[in-house]
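Chain by chain, the residues:
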Amino acid sequence: MVVTPHPDDAEFGVAGTVARWTSEGKDVIYTVCTNGDKGTSDPDMKPAELVRIREQEQLAAARLLGVRDVIFLRHSDQALEDTAEFRKEIVRLIRAYKPETVVTADPYRRHIWHRDHRITGQVTLDAVFPFARNLPSYPDLLGEGLQPHKVREILLWGAEEPNYRTDITATFDIKIAALRCHKSQMSEYSSTALEDRLRERHKMLAQGEDYELAEAFYRVEILR
Ligand SMILES: [Zn+2]
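Residues numbered from 1 in each chain as written. Predicted model: local features only at pLDDT ≥ 70, side-chain atom pairs only at ≥ 80, totals over all residues. Heavy atoms only, no water.

### Details of the overall build of the chain
Here comes step 1: Looking only at helices and strands, the chain features seven helices and seven strands.
Here comes step 2: The helix and strand sequence of the chain, counted from the amino end, reads β-α-β-α-β-α-β-α-α-β-β-α-α-β.
Here comes step 3: Against the globule reference of 17 Å for 224 residues, the chain gives a C-alpha radius of gyration of 17 Å, in line with a compact fold.
Here comes step 4: Seen along its three principal axes, the alpha-carbon backbone of the chain occupies a region of about 50 × 50 × 35 Å.
Here comes step 5: Within the chain, buried positions represent 50% of all 224 residues.
Here comes step 6: Once local pairs closer than 6 in sequence are excluded, the contacts in the chain between residues at least 24 apart make up 77%.
Here comes step 7: When the accessible surface of the chain is summed, it comes to about 11,100 Å², and 50% of that surface belongs to carbon and sulfur atoms.
Here comes step 8: Between the averaged position of the 31 positive side-chain charges in the chain and that of its 37 negative side-chain charges there is a distance of 4 Å. (Helix = DSSP H or I, 4+ residues; strand = E, 2+ residues; numbered from the N terminus. Rg over C-alpha atoms; globule rule 2.2 N^0.38 Å. Buried < 20%, exposed > 50% of the residue type's maximum accessible area, 1.4 Å probe, protein only. Contact = heavy atoms within 4.5 Å. Areas by Shrake-Rupley, 256 points an atom, 1.4 Å probe, with all protein chains shown as cover. Lys, Arg positive; Asp, Glu negative; His and termini not counted. Charge placed at Lys NZ, Arg CZ, Asp CG, Glu CD.)

### Details of the coordination of the zinc ion
Here comes step 1: The protein atoms that coordinate the zinc ion are H6 (ND1), D9 (OD), D9 (OD) and H117 (NE2), at distances of 2.0 to 2.4 Å.
Here comes step 2: One can describe the donor arrangement at the zinc ion as irregular, given that its four donor atoms subtend angles of 57 to 139 degrees at the metal.
Here comes step 3: Between consecutive donor residues of the zinc ion, the sequence gaps follow H-x2-D-x107-H. Highlighted residues: H6 in the loop between β1 (2–4) and α1 (9–23) and H117 in helix α4 (residues 115–131), separated in sequence by 111 residues. (Donors = N, O, S within 2.8 Å, 3.2 Å for Na, K, Ca; no water. Tetrahedral: all angles 85-135°; square planar, octahedral: opposite > 155°, others 65-115°.)

### Here we look at the packing of helix α3 (residues 84–97) against α4
Here comes step 1: Look at α3 against α4: their axes get within 9 Å of each other, and the N-to-C directions meet at 55 degrees. Taken together, α3 and α4 sit at an angle that is classed as oblique. Regarding α3 and α4, the two cross each other, and that crossing is right-handed. Of the residues in α4, those touching α3 at F86, R87, I90, V91, I94 and R95 are I119, T120, V123, T124, D126, A127, V128 and F131.
Here comes step 2: Here the residues of the contact of α3 with α4 are counted per class, giving nine nonpolar, two polar and three charged. (Axes fitted to C-alpha atoms, helices over the stretch in contact; angles between N-to-C directions. Parallel < 35°, antiparallel > 145°, perpendicular 65-115°, else oblique. Left-handed = near helix turned anticlockwise from the far one by under 90°. Nonpolar A, V, L, I, M, F, W, Y, C, P; charged D, E, K, R; others polar.)

### Considerations on the pattern of salt bridges
Here comes step 1: This model, assessed by the stated rule, comprises 19 salt bridges.
Here comes step 2: For K26, the salt bridge is made with E24, and the minimal N-O distance between the two is 3.2 Å.
Here comes step 3: A relative accessible area of 45% places K26 in the partly exposed class.
Here comes step 4: With its nearest N and O atoms 2.7 Å apart, the salt bridge here joins R74 to E55. In this pair, R74 is assigned in strand β3 (residues 69–75) and E55 in helix α2 (residues 47–65), connecting sequence segments 19 residues apart.
Here comes step 5: What emerges from the salt-bridge pattern is a single network uniting R180, E195, R199, K203 and E212. (Salt bridge = Lys/Arg side-chain N within 4 Å of Asp/Glu carboxyl O.)

### Let's talk about the side chain of T17
Here comes step 1: Along the polypeptide, T17 turns up in helix α1.
Here comes step 2: At a separation of 2.5 Å, a polar atom in the side chain of T17 contacts the side chain of E215.
Here comes step 3: Discounting chain neighbours no more than four positions away, the residues touching T17 are T166, I168, E215 and F217. (Polar contact = N/O pair within 3.5 Å; in protein donor to acceptor, adjacent residues only side chain to side chain.)

### Comments concerning the nonpolar core
Here comes step 1: One finds C33, L73, F86, I90, I94 and V128 to be the most contacted residues of the largest nonpolar core, which totals 26 residues.
Here comes step 2: If you list the elements that add at least two residues to this core, you get β2 (29–34), β3, α3, α4 and β5 (153–157).
Here comes step 3: Look past the residues within four positions of C33 in its chain and what remains in contact with it is V3, T4, P5, L73, R74, H75, L80, F86, I90 and T120.
Here comes step 4: If you look at the next biggest cluster of nonpolar residues, it comprises 24 residues, including V14, W21, V32 and W157. (Core = buried A, V, L, I, M, F, W, Y, C linked by side-chain atoms within 4.5 Å.)

Pasting the structure below:
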């Protein structure tokens, strides 16, 4: 399960790995926390129209990557808070889908980091441990048949000190194609600038590995 702050963050963070997983037959679920209604510098763009466009863009990208399901939580952009309600939404989905691995934004970047990214990462970590796995946390969810679930692994993109890399050499092209689905967000990139910039970045992340292109994460394994 990938928990992404805005439509397009998951593509930047983990799309190469997602494409690899789905090609191996693994099920991937996207949870999109905000509706991205402030992701524009066009004064004529209406927020409701932008939301509609961005959901379509996210669905197109997910389809390309072979993602099984996309859940839109539709919180307002720049309005995420670390609340009991938001945490429970994530717990509910973890218990319903029972993911082995949860991927989200690293909340612990120093200095400049989008507040929605920080809060999504933090709330998702809290949801994984202890709330999703703890029996007494939500008696009402038990009543709905949503039993505790233990996630085994967390991958955080955007980590300043990654400890885990995945080989995306074979899926880099599909990552770029998925990013290009987010047309409303890609206007700043010329047709080749996005690809060139990301190729450089993923090459750097693969330094010391025996393959060319990597996505990098801080990985936490939850042993018990
Ligand atoms: Zn974002």
